[in-house]
Amino acid sequence: MSADPAVGRTLVDVTREGRVALMTMRRPPQHKLDFVLTRALHATLVELDAADDVRAIILTGSEGVFCGGADLPEITASGTLHDFSDAIVELFALFPELRTPVVAAVNGDALAGGFGLMCCADIVLAVDDALLGTVEARFGSWPVIAQVAALQRTPFPALRRNVLTGKPFTAEQAERLGVVDEVVPAADLHARALEVAEEITIAGDAMAQGRRGLYRASTLPFREALRAGADAFVALAEG
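Now for a quick tour of the structure. (Residues numbered from 1 in each chain as written. Predicted model: local features only at pLDDT ≥ 70, side-chain atom pairs only at ≥ 80, totals over all residues. Heavy atoms only, no water.)

1. Quick notes on unusual backbone geometry
Part 1 of the argument: Cis geometry marks the peptide bond from P28 to P29, where omega comes out at 10°.
Part 2 of the argument: Of note, P29 is situated in the loop between β2 (20-25) and α2 (35-49).
Part 3 of the argument: Here the phi dihedral of H31 falls at roughly 55°; this positive angle occurs in a residue that is not glycine.
Part 4 of the argument: Turning to its location among the elements, H31 is positioned in the loop between β2 and α2.
Part 5 of the argument: At A112, a residue that is not glycine, the phi angle is positive and equals roughly 55°.
Part 6 of the argument: In this fold, A112 is placed in the loop between β5 (110-111) and α5 (113-119).
Part 7 of the argument: Residue class for A112 comes out buried when judged on its relative accessible area of 8%. (Helix = DSSP H or I, 4+ residues; strand = E, 2+ residues; numbered from the N terminus. Buried < 20%, exposed > 50% of the residue type's maximum accessible area, 1.4 Å probe, protein only.)

Okay, structure coming up:
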């Protein structure tokens, strides 16, 4: 099943500030992920990543919420359960393959699959009153997808406790654990996200190859990662 692109476009708003693209999820009240929003996020990331004049992407939510996870009632009612499961894998797996770095400007709670989405970003800024983590255990379920994405940023013992209890982290706790890079007041989030987005464009054209290589190295045996790095070094030096 394919999502209607026209419908999807209304759920992800894109604005530009110089070399930075701002993606804002607009599926209130919690911007929960259904098949259409998930596909729209994927399509928007692909489109922005292909744009030569976009050097960084900021992902955020509207109305004081980042993302509340999967909208299971809607997914079930629409008959898109299998399509959604495929789409969420494609969305989360896309992040390490992008040329363009992504800053998550977490403007409110990021829970369940929303926490997984947040953890896919390169840099995470969060407002000081945000709750961050999986919550599925509290409802007799398990974050079978979100826990995989969460491992990208969350130390295993801390994630294990969160998954088992369903008790999310406060922003301060997440910052201490390294899950969040920086906690900022809500009034400063947009400006700080833009500052960070500009800071991480400093590598210029080398970003496209170097960023992918960094993520790839984390999954390879040491010697293979070194060999891939050496090949990339030659390619960069030769222009």
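So, next bit.
2. Concerning the packing of α2 against helix α4 (residues 81-94)
Part 1 of the argument: Relative to each other, α2 and α4 sit at 30°, their axes nearing to 9 Å. Between α2 and α4, the interaxial angle falls into the category roughly parallel. Between α2 and α4 the crossing geometry is left-handed. Along the contact surface, α2 presents F35, T38, R39, L41, H42, L45 and V46, while α4 presents D83, F84, A87, I88, E90, L91 and L94.
Part 2 of the argument: Broken down by class, the residue content of the contact of α2 with α4 amounts to nine nonpolar, two polar and three charged. (Axes fitted to C-alpha atoms, helices over the stretch in contact; angles between N-to-C directions. Parallel < 35°, antiparallel > 145°, perpendicular 65-115°, else oblique. Left-handed = near helix turned anticlockwise from the far one by under 90°. Contact = heavy atoms within 4.5 Å. Nonpolar A, V, L, I, M, F, W, Y, C, P; charged D, E, K, R; others polar.)

3. Focus: helix α11 (residues 222-238)
Residues spaced three or four apart along an α-helix point in a common direction, a consequence of the helix completing one turn every 3.6 residues.
Part 1 of the argument: Here α11 spans 24 Å end to end across 17 residues, near enough to the 24 Å set by a 1.5 Å rise per residue.
Part 2 of the argument: A positive backbone phi angle near 75° is found at G239, which sits one or two residues after α11. (Expected span 1.5 Å × (residues − 1).)

4. Brief notes about the sheet that holds strand β6 (residues 123-127)
Part 1 of the argument: In spatial order, the strands read β1-β2-β3-β4-β6-β9; together these six strands make up an open sheet with mixed pairing. Of all the strands in the sheet, just β1 (12-17) and β9 (182-184) have a single pairing partner and so form its edges. Taking the axes of each pair of neighbouring strands and ignoring which way they run, one obtains an average angle of 20° across the sheet.
Part 2 of the argument: Taken together, the six bridges between β2 and strand β3 (residues 56-61) define a ladder with parallel strand orientation. Bridge pairing in β3 links T24 to T60.
Part 3 of the argument: Contacting β1, β2, β3, β4 (102-106), β6 and β9, helix α9 (residues 189-199) runs over the sheet at an angle of about 170° to β6. (Pairing = 2+ DSSP bridges.)

5. A look at a nonpolar patch on the surface
Part 1 of the argument: Together, W142, V144, I145 and L164 line one region of the surface with nonpolar side chains, adding up to about 390 Å² of accessible area.
Part 2 of the argument: Note on placement: W142 falls in the loop between β7 (131-133) and α6 (146-150). (Patch = residues over 30% accessible without salt bridge, like charges linked within 9 Å, V, L, I, M, F, W, Y side chains within 5 Å. Areas by Shrake-Rupley, 256 points an atom, 1.4 Å probe, with all protein chains shown as cover. Salt bridge = Lys/Arg side-chain N within 4 Å of Asp/Glu carboxyl O.)

6. Here we look at the pairing of β1
Part 1 of the argument: Taken together, the six bridges between β1 and β2 define a ladder with antiparallel strand orientation. Paired with D13 across the bridge in β2 is T24.
Part 2 of the argument: What sits between the antiparallel neighbours β1 and β2 is a turn of two residues, in which G18 has the positive phi angle 65°.

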